[in-house]
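Below are the chains, spelled out letter by letter.
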Amino acid sequence: MNEIRYRYVKTPIGRLMLAGTERGLKRIEFETSKTTYGPQDGWIEDRSAFDDAARQLEEYFAGKRRSFDVALDPQGTEFQQRTWQALREIPYGATVTYSDVARTIGRPKAVRAVGAANGQNPLPVIVPCHRVIGSDGKLTGFAAGTDVKRTLLQLEGAVI
């Protein structure tokens, strides 16, 4: 069964929508996102879906969780998948640059492509794209805005 189910969870950075199938989470969307927010036609609201992910997010925002252990099912190209996997390896409270991620995936000249893949990350917070900053140390684009990115980094105790 591949029905997409979704639910909303309240967090200190606003309401998040979690969506996915029995295989795992496909999307996390910020209410404050600059892109589309909300369910698509045919999705089914299920307030009990993704209870484990909701609990782990609550623990993260309470400062009691540093990593996530939930089933994920993001859709993307091979390059995007490699980039998103590299993001999951960035330690809690650390920041890296887009160049660092490009080197990690073995494509040191693909900095712009890494930035694009980072921007297409369908599972922010759990796949911590907020931990990637510009080479000049500045906070760069984030779907929910740089204020939310700063808040997430501060929550983790990152030096910014």
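As the structure is a computational prediction, the values presented were derived from the model and not from experiment.

**Section: helix 2 (residues 78-88)**
Of the residues making up helix 2, those classed as buried are F79, Q80, T83, W84, A86 and L87. End-on view of helix 2: buried residues confined to an arc of 155 degrees, all on one side of the axis. Among the structural elements, helix 3 (98-104), helix 4 (111-119) and strand 6 (132-133) are those in contact with the buried residues of helix 2.

**So, the side chain of H130**
Checked against the element boundaries, H130 lands in the loop between helix 4 and strand 6. According to the relative accessible area criterion, H130 is buried, its value standing at 0%. Aside from chain neighbours lying at most four places away, what touches H130 is Y60, V125, F142, K149, L152, L153 and E156.

**Quick word on the packing of aromatic side chains**
This structure, assessed with the given rule, holds six aromatic pairs. When the ring of Y6 is compared with that of Y8, the centres are 5.8 Å apart and the planes differ by 80 degrees; the resulting orientation is edge-to-face. Residue classification places Y6 among the buried residues on the basis of a relative accessible area of 9%. Taking the centre distance of 6.4 Å and the plane angle of 45 degrees together, the rings of Y6 and W43 count as tilted. With a gap of 37 residues between them, Y6 in strand 1 (residues 5-9) and W43 in the loop between strand 3 (24-30) and strand 4 (44-45) connect regions that are remote in the sequence. Here a set of aromatic residues connected by ring pairs shows up, and it is made of Y60, F61, F68 and Y92. Sitting above the plane of the Y8 ring, R15 keeps its charged end 3.9 Å from the centroid.

Analysis parameters
- Residues numbered from 1 in each chain as written.
- Predicted model: local features only at pLDDT ≥ 70, side-chain atom pairs only at ≥ 80, totals over all residues.
- Heavy atoms only, no water.
- Buried < 20%, exposed > 50% of the residue type's maximum accessible area, 1.4 Å probe, protein only.
- Helix = DSSP H or I, 4+ residues; strand = E, 2+ residues; numbered from the N terminus.
- Arc of directions from axis to C-beta.
- Contact = heavy atoms within 4.5 Å.
- Phe/Tyr/Trp six-rings, centres within 6.5 Å; stacked < 30°, edge-to-face > 60°.
- Lys NZ or Arg CZ within 6 Å of the ring centre and 35° of its normal.

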